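# Coordinates in review
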Amino acid sequence: MTLLELADVRAFYGRVQVLEGVSLSVPDGGAVGILGANGAGKTTTLRAVSGTVRSTGTIRFDGKDLHGLRPDQVAALGIAHVPEGRGTLSDLTVRENLRVGAYRRKDAKAIRADVDYCLDLFPQLKDRIRSNGSALSGGEQQMLAIARAIMARPRLLLLDEASLGLAPSTAKAVYQAIGRLRTESGIAMVVVEQNANLAFTLVDSATVLETGRNALTGSTAELKGMDEIRRAYLGG
Ligand code: ATP
């Protein structure tokens, strides 16, 4: 079953159109990558889904049209957005940030179990549970942002450049944890990444955006075999 479908999505900042017709299909439990250079429209595509930029075209989640919904209404349907720059709350502790992620939920026992799950997924956070968000390293902030999104029990995770600014070993650890999450939870994912090598460890298929349009779409295996992808994104 298709969980998220985008067809001919156009998006606008004021009068400036930055998406010129983007299409994307995410099966339930699937993981789809969005690759592309700076400014290609990757972040804006995620924003069109989460309702934080004006858009036209088809955006359907679980059969429902998302147009006209506020970001909190989109989130309530089961879509969690981990934005570039992470957005963890710097004045709150790690534990408090995790609780904020669960603010819509009332199932206290399951919330506690999910906190434990997040700390098992990201063991570094366990040692920092009482630290303020502002005291965390970049990698720990990224882990916390993902963990906070997990706490909402989403059906779809929108991940924007989870590797940005991280040391290669940290970025790899973050992607390994996301891969484990995917296997264990079945949460579907849209993964925006400039680092295609990392994205390809996680996603089943991907689309490459160029100036607000799909330039290439294919399975991970197909894309890895294409010369233009190897040259532009895989360093060879
Ligand atoms: P990056 O990797 O740099 O984040 P991206 O592929 O995610 O790139 P977007 O952030 O979606 O690209 O940007 C697409 C286009 O929209 C760019 O030309 C950018 O300058 C423009 N843009 C982004 N945010 C705004 C904004 N708030 N107002 C006006 N233009 C914007």
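Scroll up for the structure.
Residues numbered from 1 in each chain as written. Predicted model: local features only at pLDDT ≥ 70, side-chain atom pairs only at ≥ 80, totals over all residues. Heavy atoms only, no water.

Our focus in this paragraph is the nonpolar core. One finds Leu157 and Phe200 to be the most contacted residues of the largest nonpolar core, which totals 49 residues. When neighbours within four sequence positions are excluded, Phe200 is seen to be in contact with Leu35, Ala206, Thr220, Leu223, Lys224, Ile229 and Leu234. (Core = buried A, V, L, I, M, F, W, Y, C linked by side-chain atoms within 4.5 Å. Buried < 20%, exposed > 50% of the residue type's maximum accessible area, 1.4 Å probe, protein only. Contact = heavy atoms within 4.5 Å.)

Counted under the stated rule, the structure contains 13 salt bridges. Here Asp107 and Arg105 are joined by a salt bridge, their closest N and O atoms 3.2 Å apart. Accessibility expressed as a relative area gives 32% for Asp107, which makes it partly exposed. Note that Arg153 and Asp114 form a salt bridge whose closest N and O atoms lie 2.8 Å from each other. Taken together, the positions of Arg153 in the loop between α6 (138-150) and β7 (156-160) and Asp114 in helix α4 (residues 108-121) put the pair 39 residues apart, joining distant regions of the chain. Here the salt bridges do not stand alone but share partners, grouping Arg105, Asp107, Asp114 and Arg153 into one network. (Salt bridge = Lys/Arg side-chain N within 4 Å of Asp/Glu carboxyl O. Helix = DSSP H or I, 4+ residues; strand = E, 2+ residues; numbered from the N terminus.)

Take the packing of helix α3 (residues 94-101) against α6 next. Two elements in contact, α3 and α6, have axes whose closest approach is 7 Å; the angle formed by their N-to-C orientations is 35 degrees. Crossing handedness for the pair α3 and α6: right-handed. Of the residues in α6, those touching α3 at Val94, Asn97, Leu98 and Gly101 are Leu144, Ala147 and Arg148. (Axes fitted to C-alpha atoms, helices over the stretch in contact; angles between N-to-C directions. Left-handed = near helix turned anticlockwise from the far one by under 90°.)

Before going further, it helps to examine the site of the ligand. Surveying the vicinity of the ligand reveals 14 residues, the closest of which are Gly39, Gly41, Lys42, Thr43 and Thr44. Within the side chain of Lys42, one N or O atom sits 2.9 Å away from an oxygen atom of the ligand. Between the ligand and Glu84, the relevant distance is 3.4 Å, taken from an oxygen atom to a side-chain nitrogen or oxygen of the residue. Relative to its unbound accessible area of 630 Å², the ligand is 60% covered by the protein chains. With four residues, the top contributor of residues to the shell around the ligand is helix α1 (residues 42-50). Its residues assigned to classes, the shell around the ligand shows four nonpolar, six polar and four charged. (Near = heavy atom within 4 Å. Polar contact = N/O pair within 3.5 Å; in protein donor to acceptor, adjacent residues only side chain to side chain. Areas by Shrake-Rupley, 256 points an atom, 1.4 Å probe, with all protein chains shown as cover. Nonpolar A, V, L, I, M, F, W, Y, C, P; charged D, E, K, R; others polar.)

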